[in-house]
Amino acid sequence: MNIILFGAPGAGKGTQAALIANEFSWQHVSTGDILRSAVASKSPLGVKVGSILDAGGLVDDELMFNLLRQRLSQPDCQNGFILDGFPRTLQQAKTLLTMGFDFSCVLYLEVEQEAIIQRLSNRRIHVASGRVYHTVYNPPKNEGLDDITHEPLIRRKDDYPERIRDRFQVFNESTFPVLDYLASQIEQKTIHSTGLAAEEIFLTIKEYLDLKNK
Ligand code: AMP
């Protein structure tokens, strides 16, 4: 089954995608993660997009689409995938739906933006595993270190309040309108997530996907 996870920056897409991937053995495809690893490896792509990511802007549609096409053609995506962070523009959405994949649903993680600002400002990440911590609500056992590998956690450059506001502006202007278009083509399920723990949100998602996956 292929699904699209939709939501504002920091709505919890990455966390839920990882839980879904683990439960259903579908591949988690995060365009943000692909771009960040290109930046970290200083590849030509990474050099090109690094400043766009830091500023919370959007990488251009054609480049994104080529990246995605390559990723989705890999063998590990053939049993199903969860798209996280794509599409972000109407053009991306339209092109995605011409690729020949069957999408079972768009899961929209709806969260109030004030709650997200709070969450993102305190978010810390273990890059290698994608494990996500919150300095107040889900702190690591040792400050600044991953619980399992004890490697240092990072704070994304775009997780500072100023950048978070810029990313919301981009989301509200360019990405949110895409939901209406997707919902006109694919079944949409809205998950009201404000104030809920990741495990509670996942229970709702799992119940819904279990029914669809029967
Ligand atoms: P994310 O991890 O999904 O929040 O993505 C981090 C950053 O990567 C975004 O702020 C954009 O700069 C870039 N990015 C990720 N996915 C896309 C996309 N589909 N289109 C354009 N830019 C993207």
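Please read all numbers here as calculations on a predicted model, not as lab measurements. (Residues numbered from 1 in each chain as written. Predicted model: local features only at pLDDT ≥ 70, side-chain atom pairs only at ≥ 80, totals over all residues. Heavy atoms only, no water.)

Undergrad: It is not clear to me how the pattern of salt bridges should be interpreted in this structure. Could you clarify?
TA: For side chains bearing opposite charge, pairing can occur when the charged atoms are close. The tally for this structure, following the rule as stated, stands at 12 salt bridges. Asp158 is the salt-bridge partner of Arg156, the closest N and O atoms lying 2.9 Å from each other. A relative accessible area of 13% means that Arg156 is categorised as buried. The salt bridge partner of Asp159 is Arg167, with a shortest N-O separation of 3.1 Å. Under the relative-accessibility criterion, Asp159 is labelled buried at 0%. By relative accessible area, Arg167 is classed as buried at 8%. In this structure, a network of salt bridges that share partners links the residues Arg123, Arg156, Asp158, Asp159 and Arg167. (Salt bridge = Lys/Arg side-chain N within 4 Å of Asp/Glu carboxyl O. Buried < 20%, exposed > 50% of the residue type's maximum accessible area, 1.4 Å probe, protein only.)

Undergrad: I keep staring at the side chain of Thr31 and nothing clicks. Help me out?
TA: Along the polypeptide, Thr31 turns up in helix H2 (residues 31-40). What makes Thr31 buried here is its relative accessible area of 4%. In contact with Thr31, not counting residues within four places along its chain, are Met64, Leu68, Asp84, Gly85, Phe86 and Arg88. (Helix = DSSP H or I, 4+ residues; strand = E, 2+ residues; numbered from the N terminus. Contact = heavy atoms within 4.5 Å.)

Undergrad: For this particular structure, what's the right way to read the packing of aromatic side chains?
TA: Given two aromatic rings, one states the distance between the centres and the angle between the planes to describe the pair. On inspection of all chains with the given rule, the structure shows eight aromatic pairs. Relative to Phe103, the ring of Phe81 has its centre 5.8 Å away and its plane inclined at 80 degrees; by these criteria the two rings are edge-to-face. A residue pair is termed long-range when its members are at least 10 positions apart, and Phe81 in strand E3 (residues 81-84) and Phe103 in strand E4 (residues 103-110) qualify at 22 residues. The exposure class assigned to Phe81 is buried, which follows from its relative accessible area of 0%. For Phe103, a relative accessible area of 9% translates into the label buried. Linked through ring pairs, Phe6, Tyr108, Phe171 and Phe176 together constitute an aromatic cluster. Positioned over the ring face of Tyr181 is Lys94, at 5.6 Å from the centre of the ring. In this structure, Arg155 is placed above the aromatic ring of Tyr160, and the distance from its NZ or CZ to the ring centre is 3.8 Å. (Phe/Tyr/Trp six-rings, centres within 6.5 Å; stacked < 30°, edge-to-face > 60°. Lys NZ or Arg CZ within 6 Å of the ring centre and 35° of its normal.)

Undergrad: Explain the side chain of His126 here, please?
TA: With respect to the helices and strands, His126 occurs in strand E5 (residues 123-126). When its relative accessible area of 2% is taken as the criterion, His126 is described as buried. Polar side-chain contacts of His126 include one of 2.7 Å to the side chain of Ser129. In this view, His126 contacts Arg131, Asp146, Thr149, Glu151, Pro152 and Leu153; residues no more than four positions away in its chain are not counted. (Polar contact = N/O pair within 3.5 Å; in protein donor to acceptor, adjacent residues only side chain to side chain.)

Undergrad: What am I meant to see in helix H3 (residues 44-55) here?
TA: One turn of an α-helix holds 3.6 residues; hence residues three or four places apart share an orientation. Within H3 the residues assigned to the buried category are Gly46, Val49, Gly50 and Leu53. Looking straight down H3, one finds its buried side chains confined to an arc of 150 degrees; they lie on one side. Structural note: H3 exposes Pro44, Val47, Lys48 and Ser51 on the side pointing more than 90 degrees away from its buried face. In the core, the buried residues of H3 are packed alongside H2. (Arc of directions from axis to C-beta.)

On their own, these measurements won't tell you what the molecule is for.
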